[in-house]
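A look at the structure
Letter by letter, the chains look like this.
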There are 2 protein chains.
Amino acid sequence: MGTENRRQREREARETLFIEKAHELIRSEGLLALQMSRLAAACEYATGTLYQHFNSKEDLLAAVATRTTRQRAEVFRRIPRLPLGTRSRMLAMVLADIDFAQTNPDYYRLTQFVTTEVVWASTSEVRRDELLEAAQPISEAVTAIVSEARANQDLPLAQELGEEEMGLGPWALNTGMQTLANAQGLLDAYDIHRPYEHLIRHTHALLTGWRWEPRIDPDEPSVVRAETERVRAVLREYIPEANP
Amino acid sequence: MGTENRRQREREARETLFIEKAHELIRSEGLLALQMSRLAAACEYATGTLYQHFNSKEDLLAAVATRTTRQRAEVFRRIPRLPLGTRSRMLAMVLADIDFAQTNPDYYRLTQFVTTEVVWASTSEVRRDELLEAAQPISEAVTAIVSEARANQDLPLAQELGEEEMGLGPWALNTGMQTLANAQGLLDAYDIHRPYEHLIRHTHALLTGWRWEPRIDPDEPSVVRAETERVRAVLREYIPEANP
DNA sequence: CATGGGATTTGAACGGGGTTCAAATCTTGG
DNA sequence: CCAAGATTTGAACCCCGTTCAAATCCCATG
């Protein structure tokens, strides 16, 4: 039945419209100002139609976060294939993500809000799974690089730590820095500026602490800067969308 | 005017009552279930009275977070004086905080929610400043230890990095791990368990990467475990409230 | 081309809960 | 003891998010 098929496609197109418009509204007016009725109006549909797609506002927000996470994951998916050593590829992820955070300033805030228990609890199981699934490639990319590093002996074969658990460190460091950087006035209060530069240096410290070769001393600014520049150049060449 | 004085004290007592009761309700029924009218009723006051103290619900939540942050800071304030090397005291902070997170399971969630832009934007300037101020001793404690470590040569004298910026690494790592650990089902989805154990190991990696002496290889589980136990014992002895 | 019934869309009405504010109550100075 | 100011009260208000009965659309069928 061709009709069925077309209707399905139209339905999906409409869902995409809702999600994109919502993202646009969030970007321009902030998360606070987003109202279901206004979103519907902006898309030229009735409020009720929105609820054919999302069973709550939180659900919609989760869908927006999922969409952007997929874009983010796309960049990560390609990093393992860059012509760089394993350690530099690990750094490439951090750099790509710093760029992503800067071109999508609301993304981390939105994700943080959505994964907050209060909100998370009012999203549907399906949406939650979709968001987790969208992030999967990121974890896979990290895991792949850690595996390769161990195979190469760039990284000692740890006795107990799984690949995912190894990747958890940079992941947590990154997440934490994003959280701190996003909390209005927090870092300013401690007179800390350029959090992302510190993220890079602390990432080097972390990797060096795990004896990930070739080791880079986080305390040598010129070496760190040179490595950052080198990796950025490769990123620019092979993944121009992530223009760091 | 003695009367003025007493009224002021009574007012403060009432504010404390509101904050404590709110915390209690959050603990028992969750953040979602907290309602201004029910809180007022539970304290045997009218709803309007609440608004004499907090100019919005978000303001109240910020106040609750501030109160708990002060308790958390109290533990941190005492750590610099523990009879341990600088590096072990740094670890002591992480351990104390892991314990704090476990005895106050809602604290991180609440803080995360409050510092989310959407909520943060609807709190009053005063409350925001109070929350930042409450956290100040934590940063001071970290700074003090970093300073001492440099003075001792436990930590190389970095050219560019301020003490606060040095402490930013463990701080971000810690914050990030708490965020990840709190996102329902996230770590499970990647088959990662016992996040706090990993936090400890990654913290060692980070400190070792900065060449903080005496270096500990994060990849030697027995050494890591012994150090954890040693520091925990000191914590138990000197700061029993933080019973790790 | 007309028709009817199921599917979809609509948007006004509903409901819950945060916030307000006029009336009630209390406090205090004379 | 009274009056005026300060404080407290809680019902009413209002702003959304959500629902659902009515309107509209779609399309298979005769």
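Fair warning: this is a prediction, and the values are worked out from it, not measured in the lab.

Attention shifts here to the pattern of salt bridges. Residues and elements named next belong to chain A. For the structure on display, the rule yields 38 salt bridges over all chains. A salt bridge links Asp 97 to Arg 72, with the nearest nitrogen and oxygen atoms 2.7 Å apart. Linking Asp 97 in helix 5 (residues 86–103) with Arg 72 in helix 4 (residues 57–78), this pair joins segments that are 25 residues apart in sequence. Just as Asp 97 is buried, Arg 72 falls in that class too. A salt bridge links Arg 150 to Glu 163; its shortest N-O distance comes to 3.8 Å. Residue Arg 150 is located in helix 8 (residues 125–152), and its partner Glu 163 is located in helix 9 (residues 163–182); the two are separated by 13 residues in the primary sequence. Look at Arg 150 and you get buried, because its relative accessible area is 10%. Each of Glu 15, Asp 59, Arg 127 and Glu 130 takes part in one network of salt bridges that share partners.

Interface size is commonly expressed as the accessible area that is lost once the parts come together. Residues and elements named next belong to chain A. Taken domain by domain, chain A comprises domain 1 (1–53) and domain 2 (74–238). Between the C-alpha centres of domain 1 and domain 2 there is a distance of 32 Å. Taken together, the six residues of domain 1 in the interface contact six residues of domain 2. Of all residues in domain 1, Ile 26, Arg 27 and Leu 31 give up the largest surface area on contact with domain 2, accounting jointly for 65% of the area buried on that side. Our enumeration of links across domain 1 and domain 2 arrives at one salt bridge. A salt bridge links Arg 127 to Glu 15, with the nearest nitrogen and oxygen atoms 3.2 Å apart. Inspection of the region where domain 1 meets domain 2 yields two residue pairs in polar contact (both at pLDDT 80 or more).

A separate point is the packing of aromatic side chains. Residues and elements named next belong to chain A. By the definition in use, this model includes 10 aromatic pairs over all chains. A ring pair is formed by Tyr 107 and Tyr 108, whose centres lie 5.3 Å apart and whose planes are at 70°; its orientation type is edge-to-face. Residue Tyr 107 is classed as buried on the basis of its relative accessible area, which comes to 3%. Members of the aromatic cluster, connected to one another through ring pairs, are Phe 100, Tyr 107 and Tyr 108. The ring of Tyr 45 is capped by Arg 14, whose NZ or CZ atom sits 5.2 Å from the centre of that ring.

Now for the interface of chain B and chain A. Contacts between the two partners involve 57 residues from chain B, matched on the other side by 57 residues from chain A. Taken together, both faces of the contact between chain B and chain A bury some 5300 Å²; the carbon and sulfur share is 67%. Our count for the chain B to chain A interface comes out at four salt bridges. Residue Arg 211 of chain B pairs with Asp 217 of chain A through a salt bridge whose shortest N-O separation is 2.3 Å. Linking chain B with chain A are 12 residue pairs in polar contact (both at pLDDT 80 or more), by the criterion used here. Contributing elements (two or more residues each) for the side of chain B that touches chain A: helix 6 (105–115), helix 7 (117–120), helix 8 (125–152), helix 9 (163–182), helix 10 (186–189), helix 11 (195–209) and helix 12 (221–238) of chain B. Of all the elements, helix 9 of chain B adds the most residues to the side of chain B that touches chain A, at 13 residues.

Rules behind the numbers
- Counting of residues starts from 1 at the beginning of each chain's written sequence and follows it residue by residue.
- For this description, chains carry letters from A and ligands carry numbers from 1, given in the order in which they are written.
- Owing to the predicted nature of the model, reporting of local features is limited to residues with pLDDT of at least 70; listing and counting of side-chain atom pairs is limited to 80 or more, with chain, interface and lining totals taken over all residues.
- Side-chain measures were taken over the full set of non-hydrogen atoms in the model, leaving aside hydrogen atoms and water.
- When a carboxyl oxygen of Asp or Glu is within 4 Å of a side-chain nitrogen of Lys or Arg, the pair counts as a salt bridge.
- Put simply, DSSP H or I for four residues or longer makes a helix, DSSP E for two residues or longer makes a strand, and each gets a number counted from the N terminus.
- Residue exposure (1.4 Å probe, protein chains only): buried if accessible area is under 20% of the type maximum, exposed if over 50%, otherwise partly exposed.
- Segmentation into domains, and thus their bounds, comes from an automatic or database assignment.
- Throughout, a residue-residue contact means that at least one pair of heavy atoms, one from each residue, lies within 4.5 Å.
- Buried area adds together the accessible area that both of two parts lose upon being put together, with accessible area traced by a 1.4 Å probe.
- Here a polar contact means two N or O atoms within 3.5 Å. Within protein one must be a hydrogen donor candidate and the other an acceptor candidate, and residues neighboring in sequence count only if both atoms are side-chain atoms.
- Stacked, edge-to-face and tilted labels apply to pairs of Phe, Tyr and Trp rings (six-membered ring for Trp) whose centres lie within 6.5 Å, assigned for plane angles under 30 degrees, over 60, and everything in between, in that order.
- Any Lys NZ or Arg CZ found within 6 Å of a ring centre and within 35 degrees of that ring's normal is scored as a charge over the ring.

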